[in-house]
Amino acid sequence: MPSDRTRKAPLGLKIAAGLGLAFLHLPILLIFIYAFTTEEKSYQWPPPGLTLKWFAVTWERPDVWQALTLSLQVAAVSTAIAVVLGSLCAAAVAKSHFFGREVISLLVILPIALPGIITGIALRSAFHLADIPYSMWTIILGHATFCVVVVYNNAVARFRRTSGSLIEASMDLGANGFQTLRHVILPNIGTALLAGGMLAFALSFDEVIVTTFTAGQQQTLPIWMLEELVRPRQRPVTNVVAMVVVLVTFLPILGAYYLTRDGDKVAGHGK
Amino acid sequence: MQSAVLFKNVSRHYGEVRAVDAVDLEVRAGEFFAMLGPSGSGKTTSLRLIAGFEQPTAGHIEIFGETAEGVPPYRRNVNTVFQDYALFPHMSVRDNVAYGLMIAGTGKKERFAKAEEALELVRLPGYGDRAPSALSGGQRQRVALARALVNQPKVLLLDEPLGALDLKLREQMQEELKSLQQSLGITFIFVTHDQGEALSMADRVAVFDHGRIQQVGTPEDIYQRPDTAFVADFVGSSNILPADVVQELAGKGAQASLRPEAVRIGPGEAHEATVTGLSYTGAVTRVSLAFREMHLTALVAAGTPLPERGDSVRIGWDASALHLMERGA
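Attention now moves to helix H6 (residues 116–129) of chain A. Residue and element names in this part refer to chain A. If you check H6, its first and last C-alpha atoms are 20 Å apart, about what 14 residues at 1.5 Å a residue would give, namely 20 Å. Taken as a whole, H6 has its buried residues at Thr119, Gly120, Leu123 and Phe127. Within H6, the buried residues cover an arc of 100° as seen down the axis, which keeps them to one side. Facing away from the buried side of H6 by over 90 degrees, the exposed positions are His128 and Leu129. Packed against the buried residues of H6 are helix H5 (101–113), helix H7 (136–161) and helix H10 (209–214). Just downstream of H6, aspartate 131 is the residue with a positive phi angle, here 60°.

This is the structure in structure tokens:
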């Protein structure tokens, strides 16, 4: 109803909404401001002066680069694993009927419902039992458990909205399985996979709990930040890194949002 | 005449469910063939067996003399028009129609020219650039038809092709499909649960029930001379007279079918009946009658004076209208 949309909200509601938004976002703004402060030992308000030197300092710190590289590697590899496994699993659950289908579906989703600490402890004791040394690969395995869920959820929703007869139509018109995958299936679930992949990447990039349990000496970026906070030197470096993390995680999530929003048109049933 | 599709003792069972059960069937080349039956009767499964989406659990299928079982759908010279049309939503109408040619490796220029020809054939010239979602149901149906025909299949399969269209469009498409089939000379096999559609379009009709074929014949055979009570009732809701009544009336002990339009109501007729109900349907009025503890239906054309509910009337029919079904028990 257009009249509802154009009617002005009461002043009280506006103030309440403004306060709510401020509560959510002002702290993030503070993080950004502290990245420019001249005071390096404690977070002092208001900042005694503003400077850009922390960006240069951060650039020069090898530990930041190491952590950032590791985080990007872990996120990229676990996302790749998640995209392959998640879409295959979604295809099986959405497109065929087999005994225990609902159970499989639940088991795939479970890792994201479980507290990260449980996943972390479980994986740590499993690695210990199997005598697997902690490395980048153990972190990747840990992250893949929840990344798969995100991709699976996106893909399964898209598969369910895509008419099953499209695949049969493609086969009927002479396309074999590979051609059908390339010309019909991927274009229809592509944006869902991309969106799921971006979310998975963002999740993996700022994950702390599972990482603490599955990492050895390696430091991913979030772990590095956690350690940095207790150190009293060059504190604004952490804030500079925080800005980078916000950008690296926010952009994929925004992208995923836009992709799935338009997804209705891409994957529409044709009716 | 060569047979386009041949089923020899074909079965498709899903565990205990016998979707298609020991079916023998021959579809002749160039024929417009209908598979008619209620849902779950095995007609759609039979169509999918021909397309290759299903494989028979037993029996033998030939398509133009070549063994079909074990051959995947993409290696059969058979194309399907799907019930939901199954147009690819991410492609334009032109790319949809040209899909089969693209897969076959036809050059872009040639396949687009052929796609346009096919669109002209289904009376949608110049629609190539549109998205399937921008088309009406009837137009999508035509695109699906063009997409199948552009590959010049030996057999065209149509799964409830008119089911989703409204009445007016359906009648128009019936005629178009019929004339398209005649001008192209391709064997059309279509599945429907609508007996009117089967009778008006098909050269021959197979009536399915419970995974088996009840009768195969011309529309006239099926309607005038049903083999079984099921066929008589499913194709045009006939009156089925039990064997003992027929014994008394015609001197033969078999079930008989009596078409409602063959039942006359008038003072000079031979039998006594009571009117139990009237239902007006436009061109005709359906009169329900109680006759010898049986329920009979008669059709009375508009304009004829109607009896009232509860009236005692005289009814009768020509002896030839009573079709004995000696085969079906």
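Here the narrative resumes.
Right, let's talk about empty space enclosed by the protein for a bit. Unfilled space is identified by rolling a water-sized probe across the atoms. Residue and element names in this part refer to chain A. The full count for this structure, using the stated rule, is one cavity of 30 Å³ or more. Taken as a whole, the largest cavity holds about 60 Å³ of empty space. Of all elements in the fold, only helix H8 (165–172) and helix H9 (177–205) reach the threshold of two or more residues within the lining of the largest cavity. Residue composition of the lining of the largest cavity, grouped by class: six nonpolar, three polar and one charged.

Quick look at the interface of chain A and chain B now. At the interface, 23 residues of chain A touch 23 residues of chain B. Both sides of the chain A and chain B interface together cover about 2,100 Å² of buried area, and 61% of this is carbon and sulfur. One can count one salt bridge joining chain A with chain B. Here glutamate 168 of chain A makes a salt bridge to arginine 48 of chain B, at a shortest N to O gap of 2.7 Å. If you look at where chain A meets chain B, you find eight residue pairs in polar contact (both at pLDDT 80 or more). Within the residue set of the side of chain A that touches chain B, elements represented by two or more residues are H8 and H9 of chain A. Of the residues forming the side of chain A that touches chain B, the biggest block, seven residues, is contributed by H8 of chain A.

On average, residues of chain B score 90 in pLDDT, and 99% of them are at 70 or above. The ipTM assigned to the predicted complex is 0.82, against a pTM of 0.76.

What follows is about the layout of surface pockets. All names here are of chain A. Taken as a whole, the largest pocket holds about 280 Å³ of empty space. Together, His25, Ile28, Leu29, Ile31, Phe32, Tyr43, Met225, Leu229, Thr238, Asn239, Ala242 and Val246 line the largest pocket. If you list the elements that add at least two residues to the lining of the largest pocket, you get helix H2 (11–34), helix H11 (221–229) and helix H12 (236–267). When residues of the lining of the largest pocket are assigned to their parent elements, the largest contribution, five residues, is made by H2. Its residues assigned to classes, the lining of the largest pocket shows nine nonpolar, three polar and no charged.

Further remarks concern the pattern of salt bridges. Residues and elements named next belong to chain B. Applying the stated criterion to the full structure yields 19 salt bridges over all chains. Here aspartate 21 and arginine 18 are joined by a salt bridge, their closest N and O atoms 3.5 Å apart. Across the pair arginine 48 and glutamate 54 runs a salt bridge, and its minimum N-O distance is 3.3 Å. Judged by relative accessible area, which is 22%, arginine 48 ranks as partly exposed.

All names here are of chain A. Scanning the model with the defined rule gives zero disulfides over all chains in all. Distance from the sulfur of cysteine 147, which forms no disulfide, to the nearest cysteine sulfur (cysteine 89) is 15 Å. Under the relative-accessibility criterion, cysteine 147 is labelled buried at 0%.

Thresholds applied
- Residues numbered from 1 in each chain as written.
- Chains lettered and ligands numbered in written order.
- Predicted model: local features only at pLDDT ≥ 70, side-chain atom pairs only at ≥ 80, totals over all residues.
- Heavy atoms only, no water.
- Helix = DSSP H or I, 4+ residues; strand = E, 2+ residues; numbered from the N terminus.
- Expected span 1.5 Å × (residues − 1).
- Buried < 20%, exposed > 50% of the residue type's maximum accessible area, 1.4 Å probe, protein only.
- Arc of directions from axis to C-beta.
- Contact = heavy atoms within 4.5 Å.
- 1 Å grid on protein atoms, 1.4 Å probe; cavity = no way out; pocket = protein on both sides within 12 Å on 5 of 7 lines; lining within 4 Å.
- Points joined across faces, edges and corners; volume = space filled by probe spheres on them.
- Nonpolar A, V, L, I, M, F, W, Y, C, P; charged D, E, K, R; others polar.
- Buried area = accessible area lost by both parts, 1.4 Å probe.
- Salt bridge = Lys/Arg side-chain N within 4 Å of Asp/Glu carboxyl O.
- Polar contact = N/O pair within 3.5 Å; in protein donor to acceptor, adjacent residues only side chain to side chain.
- pLDDT = per-residue confidence, 0-100.
- Disulfide = S-S within 2.5 Å.

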